[in-house]
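# Geometric and topological summary
In case you want the letters, here they are:
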Amino acid sequence: MATRTDRQPPAPHVADNHDLIRVHGARVNNLKDVSVEIPKRRLTVFTGVSGSGKSSLVFSTIAAESQRMINETYSAFVQGFMPTLSRPEVDVLEGLTTAIIVDQQRMGADPRSTVGTATDANAMLRILFSRLGKPHIGPPGAYSFNTASVRASGGITVERGAAKTKTVKATFHRTGGMCTRCEGRGSVSDIDLSQLYDDSKSLSEGAFTIPGWKSDSQWTVQVYAQSGFVDPDKPIRAYTEKELRAFLYGEPVKVKVSGVNLTYEGLIPKIQKSFLSKDKEAMQPHIRAFVERAVTFTTCPECDGTRLSEAARSSKIERISIADACAMQISDLATWVSELDEPSVAPLLAALRHTLDSFVQIGLGYLSLDRPAGTLSGGESQRVKMIRHLGSSLTDVTYVFDEPTIGLHPHDIQRMNDLLLRLRDKGNTVLVVEHKPETIAIADHVVDLGPGAGTAGGTVCFEGTVEGLRKSDTVTGRHFDDRAAVKESVREPTGALEIRGASLHNLRDVDVDIPLGVLTVLTGVAGSGKSSLVHGSVPAGENVVSVDQSPIKGSRRSNPATYTGLLDPIRKAFAKANGVKPALFSANSEGACPTCNGAGVIYTDLGMMAGTTSTCEDCEGKRFDASVLEYRFGGRDISEVLAMSVAEAEEFFGTGEARTPAAHRVLVRLADVGLGYLTLGQPLTTLSGGERQRLKLATHMAEKGGVYVLDEPTAGLHLADVQQLLGLLDRLVDSGKSVIVVEHHQAVMAHADWIIDLGPGAGHDGGRIVFEGTPADLVAGRSTLTGEHLAAYVGA
């Protein structure tokens, strides 16, 4: 039978038409009716200045709706246990696939969370030791520092049949691996009582040395003095044991002070609630300094910081305990696990090897499993989250990344690019919000948002290829090939900050002099020891202001005005102009709208369905009581002022009848760090990671420090904004400050007066100074990885 060779190609299948993610009419946050078509199974990069609406489109619209629709496939019972998500404000969303979000959110700073517990590595190690460890001490929980040993015995009542009950004696026993002294935290905290009071004085003589506690009029102090538990005229050192215990650890109890009912509570729990439960970054500088003085953390003497009980540490495989394994550098641990050969646990060993190899492959081999999760940078956290997806067999999934190159040395960016391309080549859609030109360059499709930030952004300025972006007249297109030149002349240092014998983490007895009065940049691959040197070894004092990447805590009631302290002078100015109390101009105090309690919205909880949020009808979302809005200052009411952008408010409070120097100074600092587009009342929860860090920098600029230590200030900054940041750093140095920057961005390196390069590698391959000198010398020598990449960047 003859075979036909002229067969027609099969007609396209209707299922093949769905090769685009279509978004029409997106209006989330500052998006202005945005419509885009994103190709599936391609790498799409979203660009634009910080605050242009990239995250609103990618995370708050596409990824949020995908997750909401997946949640809706579960039963109502299951949905009741899941976070409720409301539908984004968008007209049409078609072609969505399952979204896996790999964001920059820091891992929880819970002291019990480590790199090992945040991944599956610790769980697998515990099972491994429970099977192979000698001596055998119990099930996997016996090796867990989060599991306490429990013993219980007594009578239990068992009901069988109609009214037949029987009391049975039962004994329960569970072996846990938690160290009983530190309760699995690895460190014990102590409050230095000498920082709280002067024990040679009595309460009536002003014994308290806590900021804001005045003995003559402060209610808190009067509660102690008039409680009847202690003698207010006796020096604290003369207290009896009973008086001292009541003074320091007394349980909350109602007492009458000057005819008013108040709560008396021991000093230690009072301090813990008043100071230690709050975000240190949000505190005023003198309060933060007090907390740092008063609280000391020391390694637990019983478990030596391993968090584990003696029994858990005594069980070993090949002379290695689980504490030793978790303390190893992951690249070394991977080698040790690969050498274990035990057929009875072969599947477990294979899975553990894969997880540990993924750490190495993604450039995190320098970490250890016992590293607290809260100490990871945003970039490291994001890469740890990527680990579980690297070996996944899933295809046709949408992976969403938020600046995956943050915290990466130029040498490591290529490795990250390869990972993104590998995910795409498996048949997945990869959406990346990114500023680095090296990652934008590998995109199949680019969506550029802008043209500005905040209300000046929220539109699509360009869609197409990378070449098309280069030729376009958008802000990103114009700055895409920007390259900073190495400084021709550098500043002369005015002194030096001496560091001797630094050995924190992987530092190898480092001696270095950091020049003062200039812009110094610390570089090196991720894990080379930069943060250990600058945050752990630079002597902390009142002269050093450190701005790291730790997250800002804040509810939806917190905004830039409250966080920076800007609202205080504004409230006082309104109160003085109208002859009323400042508290009236706070939406969290007396001036709040009584219907919505100052939130501006009414939230209705609908159980397992997404709750609804509706604008308060009484205050129309202004958050204040109608009577408060009748008071004006400079022709504006308080809600109109909070609706202003930083740039508008800077002009408003800088001149004319509304001139308020205290408010204007804060606004100038906010504008200096590139946040002129933010509105004063915008909730902190809507800010991006880069915006939060710059908000923190603006707050710290008010402090009277002589040395500023900044940790990757270019994080989240567009190419066009980096130049503004360099101008800010120059102004700080020219005003007599010393600025030390931990940074990977080549433009900042080229702009430095002095560079200190750590390496040559990461983990135990790093921790040494491999170069000290000017950027020009680093480029000329090309003796380090940083030197090679900087030379390529400046075209030398």
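Here goes a summary of the coordinates provided. Source: prediction; values computed, not measured.

The next point concerns the sheet that holds strand β24 (residues 707–711). Spatially, β21-β24-β25-β20-β26-β27 is the arrangement adopted by the six strands of the open sheet, whose pairing is mixed. Of all the strands in the sheet, the pair left with one neighbour each is β21 (544–547) and β27 (768–773). Sheet twist, expressed as the mean angle between neighbouring strand axes with direction ignored, is 15°. The pairing of strand β20 (residues 519–523) with strand β26 (residues 754–759) spans four bridges and is parallel. By the bridge assignment, T523 is partnered in β26 with D757.

Our next topic: the sheet that holds strand β1 (residues 20–26). With antiparallel pairing, three strands are arranged side by side in an open sheet as β2-β1-β4. Since the sheet does not close on itself, it has two edges, and those belong to β2 (34–39) and β4 (92–94), each with one partner. Neighbour-to-neighbour, the strand axes of the sheet open up by a mean angle of 5°, direction not taken into account. Alignment of β1 against β4, held across three bridges, turns out to be antiparallel. Looking at the pairing, V23 lines up with L93 of β4. Contacts between helix α1 (residues 54–71) and the sheet are confined to β1, β2 and β4, with β1 contributing the most and set at about 115° to the helix.

Another aspect to go through is the nonpolar core. Counting residues in each nonpolar core, the largest one holds 72 residues, and the members touching the most others are I570, I638, F653, L680 and V739. The biggest single contributor to this core is helix α25 (residues 719–734), with seven residues. If sequence neighbours within four positions are ignored, F653 has contacts with I570, F633, V641, A658, R659, T660, A663, H664 and L667. One finds V102, L356, L376 and I387 within the second-largest nonpolar core, a separate group that totals 67 residues.

Reading the values: the criteria
Residues numbered from 1 in each chain as written. Predicted model: local features only at pLDDT ≥ 70, side-chain atom pairs only at ≥ 80, totals over all residues. Heavy atoms only, no water. Pairing = 2+ DSSP bridges. Helix = DSSP H or I, 4+ residues; strand = E, 2+ residues; numbered from the N terminus. Axes fitted to C-alpha atoms, helices over the stretch in contact; angles between N-to-C directions. Contact = heavy atoms within 4.5 Å. Core = buried A, V, L, I, M, F, W, Y, C linked by side-chain atoms within 4.5 Å. Buried < 20%, exposed > 50% of the residue type's maximum accessible area, 1.4 Å probe, protein only.

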